[in-house]
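Structural characterization, general
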Amino acid sequence: MPTKIRIVGGTPLSGQIKISGSKNAALPLMTASLLTDEALILYNVPRLTDIQSMGELLSQHGADVHRSSDGNSYELKAADIKNTTAPYELVSKMRASILVLGPLLARCGVAKVSLPGGCAIGTRPVDIHLSGLRMLGAHIEISEGYIHAHVPTGGLNGAKISMPLVSVTATENLMMAATLAKGETQLINAAREPEIIDLANCLNAMGANITGAGTDTMIIQGVDRLHGASHRVIPDRIETGTYTMAAVITGGNLELQNTNLAFISNLASVLQHAGADIRATENGIVIGSPTVPIMGVDVMTEPYPGFATDLQAQMMAVMTVCQGASMITETIFENRFMHVPELCRMGANITVHGSSALVRGVKHLSGAPVMATDLRASVCLVLAGLAAHGETVLSRVYHLDRGYEKLEEKLSRCGAIIERITN
């Protein structure tokens, strides 16, 4: 039966929320298990449908995937890769599935991977992945919806790869492939996200030789083999930012545990400029009840360390009830304003001009039936529902389950009136 989320808004959040492990870090870390025949143990893994989907994908490649009884750690062992095809039925569930391409090529010399799926938020071409892998020596063709790749006898060879655009998944794919390539690989214009650093740290623990992670130039010295390791996944900075804005939009007071203010420094700076009270603690962040009205501020999404595109929709929700106006400009994905019509159904005053949205603050939002269009848009509507007068019912909540662990439970513990209902 389809499920929906029902929210009765108007209650300021108050309490503590423990931030889960990062989905965007855990997914590439799981695919790194394909690079060795020994066990990779990952701790602080969130319980999400995307994680489950990646486990299913790795299992069909021949990896043994064991989740702990509490669900927060995984042991992955790809002792014998039996299948180098990543089928459409699994890859279409999420775009991160493309991350098996680099490890399969490096370890097995051959891979057949379906072109990826995921949220319909705009074009995210795989050509940066493919051109980089070609520079490492792979032969690649696209046919009938699949990427067909193989490596000539002798394996991959290091290369100097200058990426035309900053791409997180391309950086991850190429750095994993380069760990087993012969010689040195330079990744120029590499992504700098904390998830990139986390992957590099794990790969180095497995015996790789990677320097420069977190800068725009990474150096990977290829090694003959990688071994098993244990690694703890970093906290989820997007979840951190989302709950920070949940406190702000409801005028609440929250303590976020198991996280780091440095992960959302850009967002925190913007919100503080708008009037929010945000402070670092020894183990997280405290968001205090604002003493002044939240004012409209302008935001433009940019690659890290700029304002994250994955926080743009949530920020727009906050700006709908601010004083004054704000301009939100999306530079990463062209279809990432699909939440605007739903926010307008709740009484928001938003005008879209190409890649920018002019948001004029209103006194309050009103509850309404709304529909999620993608992962981050779905949680944006949850935030709007928490602040709105009356009842909001959100449908297509399977988007939420891809990226937010125990969302209703975490929010209800802090006073939110929120529940999952079945038609």
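We now turn to the structure provided with this report.

The rules behind these values
- Residues numbered from 1 in each chain as written.
- Predicted model: local features only at pLDDT ≥ 70, side-chain atom pairs only at ≥ 80, totals over all residues.
- Heavy atoms only, no water.
- Phe/Tyr/Trp six-rings, centres within 6.5 Å; stacked < 30°, edge-to-face > 60°.
- Lys NZ or Arg CZ within 6 Å of the ring centre and 35° of its normal.
- Helix = DSSP H or I, 4+ residues; strand = E, 2+ residues; numbered from the N terminus.
- Contact = heavy atoms within 4.5 Å.
- Pairing = 2+ DSSP bridges.
- Axes fitted to C-alpha atoms, helices over the stretch in contact; angles between N-to-C directions.
- Core = buried A, V, L, I, M, F, W, Y, C linked by side-chain atoms within 4.5 Å.
- Buried < 20%, exposed > 50% of the residue type's maximum accessible area, 1.4 Å probe, protein only.

Another aspect to go through is the packing of aromatic side chains. Applying the stated criterion to the full structure yields zero aromatic pairs. Its guanidinium or amino end placed over the ring of Tyr146, Lys112 lies 4.9 Å from that ring's centre, counting from NZ or CZ.

Right, let's talk about the environment of Leu133 for a bit. With respect to the helices and strands, Leu133 occurs in helix H5 (residues 127-135). Considering only alpha carbons, one finds Leu133 and Asp198, 65 residues apart in sequence, at a separation of 22 Å. When residues no more than four places from it in sequence are discounted, the contact partners of Leu133 are Leu101, Gly102, Leu105, Ala138, Ile140, Leu174 and Ala177.

Attention now goes to the sheet that holds strand S5 (residues 73-77). Judged by pairing direction, the sheet is mixed, and its four strands sit side by side in the order S4-S5-S3-S14 without closing on themselves. A strand with exactly one partner marks an edge of an open sheet, and here the two such strands are strand S4 (64-67) and strand S14 (229-232). Taking each pair of neighbouring strands and ignoring which way they run, the sheet shows an average axis angle of 15 degrees. In this structure, strand S3 (residues 40-43) lies alongside S14, joined through four bridges in parallel fashion. Pairing of Tyr43 across the sheet is with Arg232, part of S14. Packing of helix H1 (residues 23-31) onto the sheet brings it into contact with S3, S5 and S14, and relative to S3 it is tilted by some 170 degrees.

Quick look at the sheet that holds strand S19 (residues 325-329) now. One open sheet accounts for four strands, arranged S18-S19-S21-S20; its pairing is mixed. The open sheet has two edge strands with one neighbour each: strand S18 (299-300) and strand S20 (349-353). Pairing geometry for S18 and S19, over two bridges, is parallel. Among the inter-strand pairings, Val299 is bridged to a residue of S19, identified as Ile328.

Counting residues in hydrophobic clusters, the biggest one holds 75 residues, and the most contacted among them are Leu101, Leu133, Met175, Leu187 and Leu203. Ranked by residues supplied to this core, first place goes to helix H6 (residues 168-178) with six residues. Here Leu203 is in contact with Ala32, Leu35, Met175, Met176, Thr179, Ala208, Ile210 and Leu226, once residues within four sequence places are set aside. One finds Ala348, Leu381, Ala384 and Ile418 within the second-largest nonpolar core, a separate group that totals 71 residues.

Let us look at the side chain of Thr31. Checked against the element boundaries, Thr31 lands in helix H1. On the basis of relative accessible area, Thr31 is assigned to the buried category, the value being 0%.

Where strand S8 (residues 139-143) lies against strand S9 (residues 146-150), five bridges are found, and the strand directions are antiparallel. When the bridges of S9 are listed, Glu141 appears paired with His148. Following S8, the chain reverses through two residues before pairing antiparallel with S9; Glu144 in that reversal takes a positive phi of roughly 55 degrees.

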